[in-house]
Amino acid sequence: MSAMIKSTQPLVVLLLLRLGGEQLTRRHWVRLGLATVGVYLLIGGPGGAVAPMGLLLLMLSLLLYGSQLVFTQWWLSAYNTHTVTFYLSTVMTVVITVRWWLQGAVWRDPGAQGWIIILVLAIVSTWFARLALYGAIRRIGTGQIALLWPLQTLTIIVLSVIFLNERMTPVQWVGGALVLSSAGLAMNRNRA
């Protein structure tokens, strides 16, 4: 259920961009529809009960993360990507550290393997991912990025098939095709 709700992130970003005066085309809405249905099919549709507080926190996450991307495009896209990544990552680290400290959290050493994994995740999944994200915002804009996000869900599922020996159902294959169709519309737009 969380993944399905999170797949509405592109809609939040597009609506924020529209509120800022950007024009949205029919192609945007077609891509959003294809991608949303595709992700729905990829994750197998919603199931289970939804905790109201969890839903509220997820909606808040959608709004805040979408705002971060849109504000980055509006006010920080003129700055060097490395600089934006450094400042935002540093501020995030400080905020998380202060919150952790105020909660009275107890320090636990993750051990050698834990530190290696943390280091790899910090460099690859955070630093390089943020560099790529902020560089993409400068080049193609937040709206295009949001409409390409469903590729992330598809990639996760494909990687789980390759590395975790999971299997895709025929419905998931259809969902993946719809996500790829949505991304294909972006490539056709850029060629034109």
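Quick note: structure is the one above.
Here is a short report on the structure shown in this document. The structure displayed is predicted, hence computed values, not measured ones. (Residues numbered from 1 in each chain as written. Predicted model: local features only at pLDDT ≥ 70, side-chain atom pairs only at ≥ 80, totals over all residues. Heavy atoms only, no water.)

## Some points on the nonpolar core
Part 1: Grouped together as the largest cluster of nonpolar side chains are 18 residues, with contacts concentrated most on Val 13, Leu 14, Leu 133, Ile 137 and Trp 149.
Part 2: Secondary-structure elements contributing two or more residues to this core are α2 (9–19), α4 (52–76), α6 (111–140) and α7 (142–148).
Part 3: No other element matches the five residues that α2 contributes to this core.
Part 4: Here Leu 133 is in contact with Tyr 65, Leu 69 and Ile 145, once residues within four sequence places are set aside. (Core = buried A, V, L, I, M, F, W, Y, C linked by side-chain atoms within 4.5 Å. Buried < 20%, exposed > 50% of the residue type's maximum accessible area, 1.4 Å probe, protein only. Helix = DSSP H or I, 4+ residues; strand = E, 2+ residues; numbered from the N terminus. Contact = heavy atoms within 4.5 Å.)

## Here's the deal with the environment of Ser 89
Part 1: With respect to the helices and strands, Ser 89 occurs in helix α5 (residues 81–102).
Part 2: The spatial distance from the C-alpha of Ser 89 to the C-alpha of Trp 127 is 7.7 Å, given a sequence separation of 38 residues.
Part 3: Excluding its chain neighbours within four sequence positions, the residues that come into contact with Ser 89 are Trp 127 and Arg 130.

## A closer look at unusual backbone geometry
Part 1: Of note in the backbone geometry, Asn 165 takes a positive phi value of approximately 55° without being a glycine.
Part 2: Tracing the backbone through its elements, the reader meets Asn 165 in the loop between α8 (150–164) and α9 (170–191).

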